[in-house]
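Residues per chain are reported as follows:
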Amino acid sequence: MLLFDEPTSGLDYDSMINGSRLFQNLSAMGKVLFVVTHDAEFLISACTRILHLGDGGIEGDYGLSPQNEEKLRAFFCSS
């Protein structure tokens, strides 16, 4: 298991895309990656499952799909 806290902090868009490809490759190798981030674009490009944490627990747990992508974008836009 690999843990990342805000892995895109300070990165430009191209570097974020390269980072998301790295995360996809690590996942394909069977690695479990846990990412803490406020970067919705990175989540959408690099992740397959979202855990929304808050108030001391899990508020949401869902796979990343077209339907949930809109839910994710709405959450980040309202925060």
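Placed above this text is the structure.
Residues numbered from 1 in each chain as written. Predicted model: local features only at pLDDT ≥ 70, side-chain atom pairs only at ≥ 80, totals over all residues. Heavy atoms only, no water.

**A closer look at the overall build of the protein**
Where we set the bar: Each helix is a run of DSSP H or I of at least 4 residues and each strand a run of E of at least 2, with the numbering of both proceeding from the N terminus. A radius of gyration in this sense is built from C-alpha atoms; the matching globule rule multiplies 2.2 Å by the number of residues raised to 0.38. For every residue, the accessible area (1.4 Å probe, protein chains only) is compared with the maximum for its type, and the residue is labelled buried under 20%, exposed over 50%, or partly exposed between those bounds.
Each helix and strand in the protein was counted, giving 3 helices and 4 strands. Counted from the first residue to the last, the protein has its helices and strands arranged as β-α-β-α-β-β-α. A compact globule built from 79 residues should have a C-alpha radius of gyration of about 12 Å, and the protein, at 12 Å, falls within 12% of that. A principal-axis box enclosing the C-alpha atoms of the protein has dimensions of 30 × 25 × 25 Å. Classification of the 79 residues of the protein by burial places 25% in the buried group.

**Topic: a nonpolar patch on the surface**
In plain terms, the rule: Patches here: salt-bridge-free residues with over 30% relative accessible area, like charges joined within 9 Å, nonpolar side chains (Val, Leu, Ile, Met, Phe, Trp, Tyr) joined within 5 Å. With residues, only the protein chains shown are counted as cover, and all accessible areas are computed by Shrake-Rupley using a 1.4 Å probe. Any carboxyl oxygen of Asp or Glu that lies within 4 Å of a side-chain nitrogen of Lys or Arg is treated as forming a salt bridge with it.
On the surface, M1, L3, V32, F34, V36, L51, L53 and I58 cluster together into a nonpolar patch covering about 810 Å² of accessible area. Listed by contribution, the elements that provide at least two residues to the nonpolar patch are β2 (33-36) and β3 (49-54). Exposure remark for L3: the relative accessible area of 62% places this residue in the exposed category.

**Brief notes about helix α1 (residues 13-28)**
Applicable threshold: Residue count minus one, scaled by 1.5 Å, sets the expected span of a helix. Here, residues are in contact when the closest pair of their heavy atoms is within 4.5 Å.
With 16 residues, α1 ought to run about 22 Å at 1.5 Å a step, and its terminal C-alpha atoms sit 23 Å apart, in line with that. Among the residues of α1, those classed as buried are M16, I17, G19, S20, F23 and L26. Lining the buried residues of α1 we find β1 (2-5), β2 and α2 (40-46). The positive-phi residue at the C-terminal boundary of α1 is G30, with phi of around 95 degrees.

**Looking at the pairing of β3**
The line we're drawing: Whether two strands pair depends on DSSP finding at least two bridges between them.
Here β3 pairs with strand β4 (residues 57-63) via 6 bridges, running antiparallel. Looking across to β4, one finds that H52 is bridged to G60. If you look at the hairpin formed by β3 and β4, you'll find 2 residues sitting between the two strands, and D55 has a positive phi there, around 50 degrees.

**Details of unusual backbone geometry**
Positive phi, normally seen in glycine, also occurs at E6, with a value near 50 degrees. As for its placement among the helices and strands, E6 is situated in the loop between β1 and α1. Classification of E6 by relative accessible area gives partly exposed; the value is 25%. Positioned with a positive phi, D55 is a non-glycine residue whose angle comes to about 50 degrees.

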